[in-house]
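Chain by chain, the residues:
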Amino acid sequence: MKIPLLCLLTLLLAIAPSRAQPEFRGAWVATVFNLDWPSKPGLSAAEQKAQFREILDRAQQLKLNAILLQVRSVSDAFYASKREPWSAFLSGKQGVDPGYDPLAFAIAEAHARGIELHAWFNPFRAGTSAKGTYAANHVTRTHPDWVRPYGGQLWIDPGEPEARRYILDIILDVVKRYDIDGVHIDDYFYPYPVKAAEFPDDPTWQQYGQTSGMSRADWRRDNVNRFVEAMYRGVKAAKPSVRVGISPFGIWRPKVPATIEAQLDAYGQLYADARHWLSQGWCDYLAPQLYWGIQPDKQSFPVLLKWWRDQSRAGRPIWPGIATERIGKQFEVHEIARQIEMTRQNLPANTEPGNIQWSMKALMKNQGGVNAVLQSEVYGERAELPRR
């Protein structure tokens, strides 16, 4: 029996899986301190793999389409590297081979489920403890002149040009050797301030800054700007299809916009001028950490979302970070769904919506019943990834 073409098309549309408009639906998977994965150091390779498969299965169940996996948190590696040591968060001791390549495994498993895998780097943090034990090929041992103790941790000085080149080479090595879909960096540039202590960068300031004609603050911002621009251009030259994303602190400066209050000045204290990077197009998306509620006005999610979108002179999308892990602490579960809906409204021209959950642990725990809310209110249909 022949079926009329119109009836056949109607039938095919009826049985085809429905999809939402293109949307970036991501979640961060933090490895520092074993926050998200693996659950603790020293697990076998089989146990680590099983845990990551569970993460990806949950992501697929919730119709997420991107995982942002932290692969370098303290100048270490969750991948096979000839320049930096294996992470202690894998084995319990820095430099110990876990018996497999976690990044290669993660990429293969994510791609098998139609999920993008973005490699998340912390560029300048060298150690979470100034008294830690570090492997022979760790930057604290190979380039101690670049490393500054601050706030009980260790930091690579962004004012050292060779250090910036070193970090860029680390990132590009991963881009060239692994089939990653994105490079991602977060809010750690110069470190978060500790009381009244000044970051101890006198050596680089005296060598490079004092002759620059800039104030010390402007010179520090310029160091970070140079790194961000070089990273973006370097990644695009090596592999144009790789997305470059940055996730800065969610407030650029206190009183910007006028109703917004903040105790931290990201521009003035982290020397992170994310508005400038956005206007220059030095990222493919910006994911400001908008970890506050819709109300009150002093840190309003929609007010900040609109402000960041207004700064995107180069037409880069704003895919904000959403604090799912604050359900039950700061706001109730349906707030997350309302924030996601807001990311889909009043979109700038030629951009597509997106959002990123902080972090995967909240989704694995189903914090406050969030999974059912996501599935019923905002992630009911699968969504294609935005164009690259």
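Rules behind the numbers
- Residues numbered from 1 in each chain as written.
- Predicted model: local features only at pLDDT ≥ 70, side-chain atom pairs only at ≥ 80, totals over all residues.
- Heavy atoms only, no water.
- Helix = DSSP H or I, 4+ residues; strand = E, 2+ residues; numbered from the N terminus.
- Rg over C-alpha atoms; globule rule 2.2 N^0.38 Å.
- Buried < 20%, exposed > 50% of the residue type's maximum accessible area, 1.4 Å probe, protein only.
- 1 Å grid on protein atoms, 1.4 Å probe; cavity = no way out; pocket = protein on both sides within 12 Å on 5 of 7 lines; lining within 4 Å.
- Points joined across faces, edges and corners; volume = space filled by probe spheres on them.
- Nonpolar A, V, L, I, M, F, W, Y, C, P; charged D, E, K, R; others polar.
- Pairing = 2+ DSSP bridges.
- Axes fitted to C-alpha atoms, helices over the stretch in contact; angles between N-to-C directions.
- Lys, Arg positive; Asp, Glu negative; His and termini not counted.
- Salt bridge = Lys/Arg side-chain N within 4 Å of Asp/Glu carboxyl O.
- Polar contact = N/O pair within 3.5 Å; in protein donor to acceptor, adjacent residues only side chain to side chain.
- Contact = heavy atoms within 4.5 Å.
- Core = buried A, V, L, I, M, F, W, Y, C linked by side-chain atoms within 4.5 Å.
- Arc of directions from axis to C-beta.

Enquirer: Looking at this structure, how should I read the overall build of the protein?
Expert: When helices and strands are counted, the protein shows 14 helices and 13 strands. Computed over C-alpha atoms, the radius of gyration of the protein comes to 22 Å, within 12% of the 21 Å expected from 2.2 N^0.38 for 388 residues, which places it in the range of a compact globule. Taken over the C-alpha atoms alone, the protein extends approximately 85 × 55 × 40 Å along its principal axes. Counting across all 388 residues of the protein, residues that qualify as buried make up 54%.

Enquirer: Would you mind showing me how to read the layout of surface pockets here?
Expert: Leftover empty space is mapped by rolling, across the atoms, a probe with the size of a water molecule. Taken as a whole, the largest pocket encloses approximately 410 Å³ of empty space. Around the largest pocket, the lining is made up of 21 residues, and of these Asp 187, Tyr 188, Gln 289, Tyr 291 and Trp 358 lie nearest the centre. Across the lining of the largest pocket, the residue classes break down as 12 nonpolar, 5 polar and 4 charged. Approximately 270 Å³ is the volume attributed to the second largest pocket. Broken down by class, the residue content of the lining of the second largest pocket amounts to 7 nonpolar, 4 polar and 7 charged.

Enquirer: Looking at this structure, how should I read the sheet that holds strand S7 (residues 153-156)?
Expert: By definition, the strands of a sheet pair up through backbone hydrogen bonds, in either a parallel or an antiparallel sense. The strand order across the open sheet formed by 3 strands is S5-S7-S6, and the pairing between neighbours is antiparallel. Strands at the two margins of the open sheet, each flanked by one partner only, are strand S5 (125-127) and strand S6 (147-150). The sheet shows a mean angle of 40° between the axes of neighbouring strands, direction not considered. The pairing of S5 with S7 spans 2 bridges and is antiparallel. By the bridge assignment for S7, Gly 127 is matched with Leu 154.

Enquirer: Would you take a moment to explain empty space enclosed by the protein for this structure?
Expert: Applying the stated rule across the entire model yields 1 cavity of 30 Å³ or more. The volume enclosed by the largest cavity comes to roughly 50 Å³. Forming the walls of the largest cavity are Arg 309, Arg 316, Pro 317, Ile 318, Trp 319, Leu 347, Pro 348, Thr 351, Glu 352 and Pro 353. Looking at side-chain class alone, the lining of the largest cavity contains 6 nonpolar, 1 polar and 3 charged residues.

Enquirer: I keep staring at the pairing of S6 and nothing clicks. Help me out?
Expert: For a regular strand, side chains alternate in direction, first toward one face of the sheet and then toward the other. Of the pairings in the sheet, the one linking S6 to S7 comprises 4 bridges and is antiparallel in character. The residue of S7 that forms the bridge with Tyr 150 is Gln 153. Where S6 folds back on S7, the antiparallel hairpin that results is connected by 2 residues, among which Gly 151 adopts a positive phi of roughly 60°.

Enquirer: Explanation requested: the side chain of Arg 125 in the structure shown.
Expert: With respect to the helices and strands, Arg 125 occurs in strand S5. Summary of buried charges: Arg 125 has no salt-bridge partner, and the nearest side chain of opposite charge, Asp 186, is 6.0 Å away. Within the structure, the side chain of Arg 125 is placed 3.0 Å from the backbone oxygen of Ser 73, a separation counted as a polar contact. Setting aside its immediate chain neighbours within four residues, Arg 125 contacts Val 32, Gln 70, Ser 73, Val 74, Ser 75, Gln 153, Leu 154, Trp 155 and Tyr 188.

Enquirer: Help me out: how do you make sense of the nonpolar core in this one?
Expert: Across soluble globular proteins, nonpolar side chains have a tendency to be buried as a group. Among the nonpolar cores identified, the biggest contains 118 residues, and Phe 52 and Ile 67 are the most heavily contacted of them. The leading source of residues in this core is helix H6 (residues 161-177), at 9 residues. Dropping the residues within four chain positions of it, Ile 67 is found in contact with Ala 27, Val 29, Leu 56, Ala 59, Ile 115, Glu 116, Leu 117, His 118 and Met 360.

Enquirer: How should helix H7 (residues 202-209) be read in this particular structure?
Expert: Note: α-helices contain 3.6 residues per turn, so residues at a spacing of three or four share the same orientation. All of the buried residues in H7 are Thr 204, Trp 205 and Gly 209. All buried residues of H7 lie within an arc of 100° about the axis, which places them on one face of the element. The inward-facing, buried residues of H7 abut S6 and helix H8 (216-238).

Enquirer: Would you take a moment to explain the pattern of salt bridges for this structure?
Expert: Working definition: two side chains of opposite charge can pair if their charged atoms are close together. Inspection of the entire model under this criterion finds 29 salt bridges. Residues Asp 157 and Arg 148 are paired through a salt bridge, measuring 3.1 Å at the closest nitrogen-oxygen approach. Overall, Asp 157 belongs to the buried group, its relative accessible area being 0%. Of the charged contacts, one joins Asp 201 and Arg 220 as a salt bridge, the two residues approaching to 2.9 Å between their closest N and O atoms. Here Asp 201 is found in the loop between strand S8 (182-185) and H7, whereas its partner Arg 220 is found in helix H8, with 19 residues between them in sequence. The residues Asp 201 and Arg 220 share a single accessibility class, namely buried.

Enquirer: Just checking my understanding: could you explain the sheet that holds strand S12 (residues 354-357) for this structure?
Expert: Taken together, 8 strands build an open sheet; the order of strands is S10-S9-S8-S4-S3-S2-S12-S11 and the sheet is parallel. With one partner strand each, in any of the chains shown, strand S10 (285-286) and strand S11 (321-322) form the two edges of the open sheet. Sheet analysis places strand S3 (residues 66-72) next to strand S4 (residues 116-121), joined by 6 bridges and oriented parallel. Across the sheet, the residue bridging to Leu 69 is Ala 119, located in S4. Packed onto the sheet, helix H4 (residues 102-112) meets S3 and S4 and runs at close to 150° relative to S4.

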